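Overview (structure and organization)
What follows is each chain in one-letter form.
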4 protein chains.
Amino acid sequence: MKVGIIGAGRIGKVHAKNISLFVPEMEIKAIADPFMDEETEAFARSRKIPAVSRDAGDILNDPEIEAVLICSSTNTHADFIQQAAAQGKHIFCEKPIDYDIQRVRTAIGAARDAGVKLQIGFCRRFDHNHRAVYDMVRRGQVGRVNLIKISSRDPEPPPLAYVKVSGGIFCDMMIHDFDMARFLAGSEVTEVTAYGSILVDPGIGEAGDVDTAVVLLKFENGAIGIIDNSRKAVYGYDQRVEVFGSEGCAQDANDLPSTATLWKADGSVSAAAYKVMWDRYTGAFVSEMRAFADAVANDRPTPVTGEDGLYPVLMAAAAAKSLREGRPVKISEVDV
Amino acid sequence: MKVGIIGAGRIGKVHAKNISLFVPEMEIKAIADPFMDEETEAFARSRKIPAVSRDAGDILNDPEIEAVLICSSTNTHADFIQQAAAQGKHIFCEKPIDYDIQRVRTAIGAARDAGVKLQIGFCRRFDHNHRAVYDMVRRGQVGRVNLIKISSRDPEPPPLAYVKVSGGIFCDMMIHDFDMARFLAGSEVTEVTAYGSILVDPGIGEAGDVDTAVVLLKFENGAIGIIDNSRKAVYGYDQRVEVFGSEGCAQDANDLPSTATLWKADGSVSAAAYKVMWDRYTGAFVSEMRAFADAVANDRPTPVTGEDGLYPVLMAAAAAKSLREGRPVKISEVDV
Amino acid sequence: MKVGIIGAGRIGKVHAKNISLFVPEMEIKAIADPFMDEETEAFARSRKIPAVSRDAGDILNDPEIEAVLICSSTNTHADFIQQAAAQGKHIFCEKPIDYDIQRVRTAIGAARDAGVKLQIGFCRRFDHNHRAVYDMVRRGQVGRVNLIKISSRDPEPPPLAYVKVSGGIFCDMMIHDFDMARFLAGSEVTEVTAYGSILVDPGIGEAGDVDTAVVLLKFENGAIGIIDNSRKAVYGYDQRVEVFGSEGCAQDANDLPSTATLWKADGSVSAAAYKVMWDRYTGAFVSEMRAFADAVANDRPTPVTGEDGLYPVLMAAAAAKSLREGRPVKISEVDV
Amino acid sequence: MKVGIIGAGRIGKVHAKNISLFVPEMEIKAIADPFMDEETEAFARSRKIPAVSRDAGDILNDPEIEAVLICSSTNTHADFIQQAAAQGKHIFCEKPIDYDIQRVRTAIGAARDAGVKLQIGFCRRFDHNHRAVYDMVRRGQVGRVNLIKISSRDPEPPPLAYVKVSGGIFCDMMIHDFDMARFLAGSEVTEVTAYGSILVDPGIGEAGDVDTAVVLLKFENGAIGIIDNSRKAVYGYDQRVEVFGSEGCAQDANDLPSTATLWKADGSVSAAAYKVMWDRYTGAFVSEMRAFADAVANDRPTPVTGEDGLYPVLMAAAAAKSLREGRPVKISEVDV
């Protein structure tokens, strides 16, 4: 299966590398980026990608290419989905599809109507720890799901320039947790209440965002969800989920680089958490790409559908509105 | 120091036993309960308590008794505080003082005006694990406090008869967590949002309460708090706190009866949690009574003051109102 | 049941206190110590022990006293056992009975012939963690026992004066682990190999002892045991057991004062271990005394018999001989 | 750097795959195996290895090939080392070099005299957990090393056919632990005492081996080591190390596939250990090959030298002799 990669930034390169190393079913024929430069060309050569281009059209119009990976900036996702669908190509698209609900719906519809696969890049679903919790929940080992708790904290805030255009903490950071919450719950969220504070960097506040946020989720089935985010955890990347149900409680601990511990006079010291997201989710990126290859090659449903791409955007919109207006917001209020 | 115990129910007996075993500074002179029966009389003899009575007045009017423990039903607390204060006796009162804010204020004022010690029975402040987290926070080891998370789940719901009169989950269960949140934060709560569901027992819903509840707290200093409660955790008593700050994150794990683990073919199995609250907090009950004895004997401030008894009641009232009205409620709205 | 305590040193006082607090079936009538002083007399008063004496005979000859606790120096144990047995008194004796095998046998025989209970003070059998491992093993959860590993490390070496007379590390320290090994294995040791080094304090070497020791045990049933001891672990009292079998592996973690953890930039820090043995085994001392009271009151076998007192002494003798002669030593070689 | 692989069994293929994926400095030019078959040829094609052969000579005599990986059966290692050295090729050789001490010395000497790099395949030195413990020790965080404890248990015994020719548990299994012990101690072993039992499978006993073994090590610097091995741990691959010293204790926990835990009424269940060695040490195999590539490319000493290949063989010989003769055996007795 020949694939093309649109967007050669950090995430595009991660996927390219993972495909070349671990996804033998796929062969990258081309990579395109409007800012194509020498470094990316060298990267393409090192990964034996035969074609580079500044024009995504070269990929979208190449009849040999069966599937595309959309790794470009968010504002281009919806268009590229539509164009790729029009060309009958299967699509892996980084999250989020878009922040405009109508555009998201249109893009999803285009893929559906064209009968092509569409998978959204919610990589955490493929993480070994979260997946083990998910499996416990799906096997019924916690019984009926009553509470879901998700902690997600980054080692460092992103640059302020990014904060200003990212859509805010709910869109660029908590969106992963919105997806994780639905994934674990197996039920849709109907209402959201958000609390937010500026505790890490006043500059983030001046940029119109918060850096510490907590969101309550009401699920259709009565379960309640809690997500907390912080832009800065000095101890590193902190990612934990917990699902409490009628028959038990499944949870994972934060992932650490080693199990080594040092017992000293004033306490025992264990490893610090990962400081870099790519180290933390190395395996998850590989697994999601394998899953996409499998879906395309064996005509199976993708494990993260277009609809899975829509709902977290709705939740982010509701959270932002809740924070702004100081009240619970129903998903139906933002789902226009 | 001679003390009298008003109320010989479960908690009154626990305090009586702990005093007789572990608080040599105190000597229990009398125990009173309107439902005094043979079993309680036998208990008093076994603990070498010389006087039993059906009338709390026998204690309140005994000039030899320096301090009273008010362990009677909640609706009597405020009155007994006022009467004990009028007699110049130091007071340990079980939580909550009352659910009527005015009565709480009056009772606290009475103790203050009389110049007697008043300590409220928020025993969890004395738990070895929560205290260790508290110490880390107070020593500044987490830096500025940004997030507080508290999980509190009971092994079994109380009898429905109790649910009907207890004031609901916020008053009879989460009130401990409201206290813990303030204790850990070192800052006051200004606003509360509550979500609740009936997932454990429909009978609890019929009794007008929820059995699963999550509350968001907004603190004066910008920190955000999260409390989750469930009336039923099949795996036992689950009590965990986490304080995330600018310099680190302090947390405790649930307390287990042993550290033993069994590694088997299908996973490693560790001890189940405590199934009984009294087992879980054995040491905390002893420590709180020692602290009270110390405050009285050495004329030190009590570690849980009358005001510490007031705020959780306000938070419970706000949470109940938030759940009822489906919106965030400011503490000032209920603080009449 | 009236009891008398012979020996009012640290361990005698611990038992006295525990009985007065937690063993209502027992009443301490007298305590005797040749070095009886004011401090001990004050202690006796505080525990409401009516009689103090310098002469153990006052206890041994008191017909009202049903049971004695022998907490005096080791060299007096065997004689006191014989005298107490002659008076028909039940006996709790601190470990070890003696280091002379013949004297041990004679003492055990005296108790047996007199039909009195004899319990030896191997308190670790009653520890909540080790007991939980034991229970897993006895319930068959590890299947056939193949390996037993025991770590036992003290926070600080004892005074050199003690080292010179204690009989050495195998007698005064590892003897607990010898007992634990038999307890967990449910099989007798047939051979011992000891390695020892002086790594903590050269003074210990000058006193003729080692401060770091490892012993291999061969059990009758083919299982193999490993014990390691160090006189000094800077991180505190370290006590762990592991039983590996055909169906699984049971083990406990070192006991810590709290479950609190602090996540910082350079790692997560958990509580240091206990620095004081009495804190670590608080509950075990209570449980062993309750078990003795139960054995006497209900005419049940004691949970640590005279024979249980003999075997660890044999193992210690064999270990010392092995270290001296640089070869494996069979238990039969020292069992004269 | 062009490399050739001699031996296309399981371990040869693992190295080939890792090099093609993760070691860009190396290019595999040829793979040779006397039992070359279609499956291996297909494997070679899939990894883009241009040449396959039944004759190791084709690799040894190829002037383009700079380095060889010797992954053939143990009895061929020493000869191939000598031949490769004679051709001036750098050498990565699987452990052990040989069981004949003279042949080991000759092979090491040949590599030294030829001035080629020689690295032995003790992959566990590169494991993330063991390495973290090693780093703690080397940084001095445990102070002076007093005790080393290593547990190593396999999920299943190897086939009896293998047991008969492998040289026994000390040679084929504990040899990794002998290496680890030296690696962690930073001191040489002078004496060994071995205990062994047949507790897993009587067939192993009939084949002249034991399936459960414990070895005591005496180090030159006074430290004491303990290694325990079992051919069968039902709960999976169990690998733990502990280094206890004057300033602290470094240890790792067994590596688990996930951190997920399930809290149930009868206890909390964590993930079972890895059941397959290749899964457990995935990263270690990659790291050791990168280290070899680095040593060759940058003319650095290899991290596991020929001498590091010799000592574990001596320890295995001493352990076997100790078990046979029932006495401690000095390394000098087997170092002929």
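The present account deals with the structure reproduced in this document. Worth saying up front: this structure is predicted, and the values here are computed from it rather than measured. (Residues numbered from 1 in each chain as written. Chains lettered and ligands numbered in written order. Predicted model: local features only at pLDDT ≥ 70, side-chain atom pairs only at ≥ 80, totals over all residues. Heavy atoms only, no water.)

Across its full length, chain A holds 14 helices and 15 strands. Expected size for 336 residues packed as a compact globule is a radius of gyration near 20 Å; at 20 Å, chain A falls within 12% of this value. Pairs at least 24 apart in sequence give 71% of the contacts found in chain A among residues at least 6 apart. For chain A, the exposed area adds up to about 12000 Å²; of that, 50% sits on carbon and sulfur atoms. (Helix = DSSP H or I, 4+ residues; strand = E, 2+ residues; numbered from the N terminus. Rg over C-alpha atoms; globule rule 2.2 N^0.38 Å. Contact = heavy atoms within 4.5 Å. Areas by Shrake-Rupley, 256 points an atom, 1.4 Å probe, with all protein chains shown as cover.)

Attention shifts here to the interface of chain D and chain B. Note: interface size is frequently given as the accessible area lost on complex formation between the parts. Between chain D and chain B, the residue contacts involve 16 residues of the former and 16 residues of the latter. Carbon and sulfur atoms supply 63% of the area that chain D and chain B bury against each other, a total of about 1100 Å² over both sides. Put simply, chain D and chain B have four residue pairs in polar contact (both at pLDDT 80 or more) between them. Counting residues per element, the ones that place at least two in the side of chain D that touches chain B are strand 11 (238-245), strand 13 (261-264) and strand 14 (267-270) of chain D. At four residues, the largest contribution of residues to the side of chain D that touches chain B is made by strand 14 of chain D. (Buried area = accessible area lost by both parts, 1.4 Å probe. Polar contact = N/O pair within 3.5 Å; in protein donor to acceptor, adjacent residues only side chain to side chain.)

Moving on: the interface of chain B and chain A. With 43 residues of chain B at the contact, the number on the chain A side is 43 residues. Summing both sides of the interface, chain B and chain A together bury roughly 3100 Å²; the carbon and sulfur share of this comes to 65%. Residues Arg240 of chain B and Glu242 of chain A are paired through a salt bridge, measuring 2.8 Å at the closest nitrogen-oxygen approach. On inspection of chain B and its partner chain A, the count reaches 14 residue pairs in polar contact (both at pLDDT 80 or more). Those elements giving two or more residues to the side of chain B that touches chain A turn out to be strand 7 (145-153), strand 8 (189-197), strand 9 (212-219), strand 10 (224-230), strand 11 (238-245) and strand 12 (249-251) of chain B. Class assignment for the residues of the side of chain B that touches chain A results in 19 nonpolar, 13 polar and eleven charged. (Salt bridge = Lys/Arg side-chain N within 4 Å of Asp/Glu carboxyl O. Nonpolar A, V, L, I, M, F, W, Y, C, P; charged D, E, K, R; others polar.)

Moving on: helix 5 (residues 101-114) of chain C. Residue and element names in this part refer to chain C. A rise of 1.5 Å per residue sets the reference length of helix 5, with its 14 residues, at 20 Å; its end C-alpha atoms lie 20 Å apart and thus fit the reference within 8%. Close packing links the buried residues of helix 5 with helix 4 (74-86), strand 6 (118-120), helix 13 (306-325) and helix 14 (331-334). By the N-cap criterion, in which a side-chain oxygen at the helix start approaches the backbone nitrogen of a residue two or three places on, helix 5 is capped by Asp100, the distance to Gln102 being 2.9 Å. (Expected span 1.5 Å × (residues − 1).)

In this chain, Lys95 of chain A is followed by Pro96 of chain A through a cis amide linkage whose omega measures -15 degrees. Along the polypeptide, Pro96 of chain A turns up in the loop between strand 5 (90-93) and helix 5 (101-114). Phi is positive for Asp299 of chain A, which is not a glycine, with a value near 50 degrees. The backbone phi angle of Lys48 of chain C is positive, close to 60 degrees, even though this residue is not glycine. Structurally, Lys48 of chain C can be placed in the loop between helix 2 (38-46) and strand 3 (51-53).

Below, the discussion takes up the relation of the copies chain D and chain B. Rotating chain D by 180 degrees and moving it 0.0 Å along the rotation axis overlays it on chain B with an RMSD of 0.0 Å. The operation mapping one copy onto its partner corresponds to a two-fold rotation axis. Relative to the rotation axis, the closest C-alpha in chain D is found at Val269 of chain D, a distance of 2.2 Å. (Least-squares fit on C-alpha atoms with pLDDT ≥ 70 in both.)

With that settled, consider the sheet that holds strand 2 (residues 27-32) of chain B. Residue and element names in this part refer to chain B. The sheet built from six strands is open, its strands ordered 3-2-1-4-5-6 with parallel pairing. Sheet topology places strand 3 (51-53) and strand 6 (118-120) at the edges, where each strand pairs with a single neighbour. The sheet shows a mean angle of 20 degrees between the axes of neighbouring strands, taken without regard to direction. Sheet topology note: the strand 4 (residues 67-70)/strand 5 (residues 90-93) ladder contains four bridges and is parallel. Note that in strand 5 the partner of Val68 across the bridge is Ile91. (Pairing = 2+ DSSP bridges. Axes fitted to C-alpha atoms, helices over the stretch in contact; angles between N-to-C directions.)

All names here are of chain D. In this fold, His15 is placed in helix 1 (residues 10-22). On the accessibility criterion, His15 (0% relative accessible area) is buried. The contacts of His15, once residues within four sequence positions are left out, are Leu69, Cys71, Phe92, Glu94, Phe285, Glu288 and Met289. (Buried < 20%, exposed > 50% of the residue type's maximum accessible area, 1.4 Å probe, protein only.)

Quick look at the relation of the copies chain B and chain A now. Each copy of the sequence occupies a distinct position, and chain B is placed on chain A by a rotation of 180 degrees and an axial shift of 0.0 Å, giving an RMSD of 0.0 Å. Comparing interface residues between copies, 100% of those in chain B also lie at the interface in chain A; the contact surface is shared.

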